[in-house]
Amino acid sequence: MQTGDDNKTNLISVMGISMGDEGKGRVVHELLEQIERDSGKPAAGVMKVNGGANAGHTAAGLKLNLLPSGIGNPNVPKLLIGAGVVADPRKFIWEAKPLEARSLSVFSRLLIDEKTQVSDLTHRLLDLSWEDYRVKQLGMESRGSTGRGISPAYSDETSQWQIFYLAFKQDRKCFATALKGRVLRALDTIRYVCKVSGEDWHSFFDNLTESETRANQESIRDGIFDQKEFDFTRFKTSEPFELNFDLLEEVYWQAGSELASCIGDVRSVLLESKKSGIPVVSEFGQAYWLDKRHGFTPNVTASHTTSAELFHSGGIPLQKTREIGCCKAYDTKVGTHHFLTQIDHETDPLGKKLAKLEFGTSTGRQRMVGWFDAVEKGNALRYGGFDELVINKLDALTLDDGLDCQLKICTAYQLPDGSLTTNVPRIEEIRKTLTPVYETLDGWEEDISAITSYDKLPLNAKVYISRMVGSLLEVAYPDGYSGISLPQIRFVGVGPDPGQIIADIPSTQKLVADQTLAPNALS
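Along each chain, residue indices are assigned from 1 in the same order as the chain's sequence is written. Since the coordinates come from a predicted model, pLDDT governs what is reported: local features require at least 70, and pairs of side-chain atoms require 80 or more to be given and counted, while whole-chain, interface and lining totals use all residues. Side-chain calculation: all heavy atoms of the structure are included, whereas hydrogens and water are not.

## Some thoughts on the packing of aromatic side chains
Note on aromatic pairs: the rings of Phe, Tyr and Trp (six-membered ring only in Trp) are paired at centre separations within 6.5 Å, and the planes decide the class, stacked below 30 degrees, edge-to-face beyond 60, tilted for the rest. Applying the stated criterion across every chain yields a total of 15 aromatic pairs. Measuring from centroid to centroid gives 5.5 Å for Phe175 and Trp253, while their planes differ by 45°, and the two rings are tilted. Residue Phe175 is found in helix 5 (residues 172-193), and its partner Trp253 is found in helix 8 (residues 245-258); the two are separated by 78 residues along the sequence. For the pair Phe175 and Trp253, a shared accessibility class is recorded, and that class is buried. Here Tyr477 and Tyr481 contribute two aromatic rings whose centre-to-centre distance is 6.3 Å and whose plane-to-plane angle is 65°, an arrangement assigned as edge-to-face. Taken together through their ring pairs, the aromatic side chains of Phe92, Tyr165, Phe168, Phe175 and Trp253 make up a single cluster. Note on geometry: a ring has a charge over it if NZ (lysine) or CZ (arginine) is within 6 Å of the ring centre and within 35 degrees of the ring normal. The ring of Phe164 has Lys115 lying over it, and the distance from NZ or CZ to the ring centre is 4.1 Å. The ring of Phe372 has Lys377 lying over it, and the distance from NZ or CZ to the ring centre is 4.6 Å. We count a stretch as a helix when DSSP gives it H or I for four or more residues in a row; a strand needs E for two or more, and each element gets its number in order from the N terminus. To sort residues, take the accessible area from a 1.4 Å probe on protein chains only and compare it with the maximum for the residue type: under 20% means buried, over 50% means exposed, and anything in between is partly exposed.

Pasting the structure below:
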């Protein structure tokens, strides 16, 4: 495992360099295990940096949307929620109590920053309403929002209508007044700006009830929650564009009060960890190309997804961090994104296999699958930067069960005039005119899921790794990378379970210079 300068900084960031769903949760888990194994003591904490309940992780067998994925390691003393997060207090409880029932401590370790923003039902209703407006009033295609209220919650931040978690440790009357104003603004916006119909208004509550009941079915079955806990229809009245405010305020105040002992100052923990030198692992939701400013608008998230956000969310001065970029050995996207390297998962045999593995943790939606896009990832390295690279799901590309095809890596884009580019256009209309240019490589049939050493990999798997890394470097550094400190490969994932990784990957310099790994065919 290429550990680089871990001992020179106590902050380690894990971020996606594609379009999300790169397996960041499993990377956090492996890092925490390695820190404890190497130092003899656990990390000081794991921190959720951005986003909200729209960031699905599966880590150590746990499906999470809001809590940090490092929660699966019981030895980590602090589960930190940064001020850059927007979070529904009920969602914390919905995730924490089932884990507590499994004897996994949550509340005693959870620290929500006082300046973390409270999101609530109104944000989810606004999320659905703006999607409705986009489609029915403007005639545009849907953004494919998760419907978790993330964008409206961040809109309250920029509009200076924040309700912070510290409100739950203050006067209830102040909270009720702020929430009342939020509800009135939301109802007026939904009715008069989004022009939602009465029928659609009522359907929103049915949809939310169905979605959360399905997501929490196991907790209902185990008796942790009553099914009515997830009944959103109780918050509406028989008339459209009205809410039962007294009930809404009661439910949210009680949820926040239950979390009051978990609310504090994350800054002090981060500064203390710097003094002690004990690492903190920070996990980012979404990915580089979903950043609200640098991603593919409008199919982006509402937060910043790159390393600088760690310091805004943590509220601490800039300092050296170890940045780990995560991707898969192929690409996936979910929602309505334009997908240049998409494989038809209904007709292509390998596409069918990959599609069976790809469903969103947050939404349950089928993800689209595609070939590894080195142009996107090379641009993410050039402009976003990362010190190390993790490549997950190499095993998924094994040509088993009679699959007979070659693998592809996108190394450039062709413009309509026939010219080639390795720059990702910042204008979405131009990006939609591009055609991917592929390098084609032979695959492998051997089962690699039990392999733990690079030397044991099939030659074609080594070639594929070399070309994934080499092609993204060629994009990131078009003038060559002699003398440049290159990102090293932290590990390659060869299965979903903890420990199913190959950590002894050669240095990046050796990997891309090895002539025995030259590609065997080009197209």
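## Some points on helix 3 (residues 121-137)
For a helix, the expected span equals 1.5 Å multiplied by the number of residues minus one. The end-to-end C-alpha distance of helix 3 is 23 Å, a good match for the 24 Å that 17 residues give at a rise of 1.5 Å each. Of all the residues in helix 3, the buried ones are Leu121, Thr122, His123, Arg124, Leu125, Leu126, Asp127, Ser129, Glu131, Asp132 and Arg134. Once helix 3 finishes, Gly139 follows within two positions and takes phi at roughly 70°, a positive value.

## What to know about helix 5
With 22 residues, helix 5 extends 31 Å from end C-alpha to end C-alpha; this agrees with the ideal 32 Å at 1.5 Å per step. Among the residues of helix 5, Phe175, Ala176, Leu179, Arg182, Val183, Ala186, Leu187 and Ile190 are the ones counted as buried. With its buried residues spanning 130° around the axis, helix 5 presents them on a single face. Those residues of helix 5 that are exposed and angled more than 90 degrees off the buried face are Lys173, Cys174, Thr177 and Tyr192. Looking at the buried residues of helix 5, the elements they touch are strand 8 (117-118), helix 3, helix 4 (150-158), helix 6 (198-215) and helix 8. A positive backbone phi angle near 55° is found at Lys195, which sits one or two residues after helix 5. Taken from the helix axis, the directions to the C-beta atoms give the arc we talk about. For this analysis, residues touch if any pair of their heavy atoms sits within 4.5 Å.

## A look at the confidence of the model for the protein chain
Scored from 0 to 100, pLDDT reflects the predictor's confidence in each residue. Chain-level pLDDT for the protein chain is 92 on average; 96% of the residues reach the 70-or-more range. Note on residues 1-7: pLDDT is under 50 here. Beyond four places in sequence and across chains, it has 26 contacts.

## Some words on the sheet that holds strand 13 (residues 342-343)
Strand pairing is defined by DSSP finding a minimum of two bridges between the two strands. Taking strand neighbours across the sheet as the criterion, the 3 strands line up as 12-14-13 in an open arrangement whose pairing is antiparallel. The open sheet has two edge strands with one neighbour each: strand 12 (331-333) and strand 13.

## Comments concerning the pattern of salt bridges
The term salt bridge refers to a side-chain nitrogen of Lys or Arg lying within 4 Å of a carboxyl oxygen of Asp or Glu. Tallied over the entire structure, the rule returns 28 salt bridges. Here Glu358 ties to Lys393 by a salt bridge, and the two come within 2.8 Å at their closest N and O atoms. With a gap of 35 residues between them, Glu358 in the loop between helix 11 (349-355) and strand 14 (368-370) and Lys393 in the loop between strand 16 (388-392) and strand 17 (407-414) connect regions that are remote in the sequence. Across the pair Glu428 and Arg431 runs a salt bridge, and its minimum N-O distance is 2.9 Å. Taken together, the positions of Glu428 and Arg431, both in helix 13 (residues 428-431) and 3 residues apart, correspond to about one turn of that helix. The same class applies to Glu428 as to Arg431, namely buried. Residues joined in a network through salt bridges with shared partners are Asp21, Lys328, Glu358, Arg367 and Lys393.

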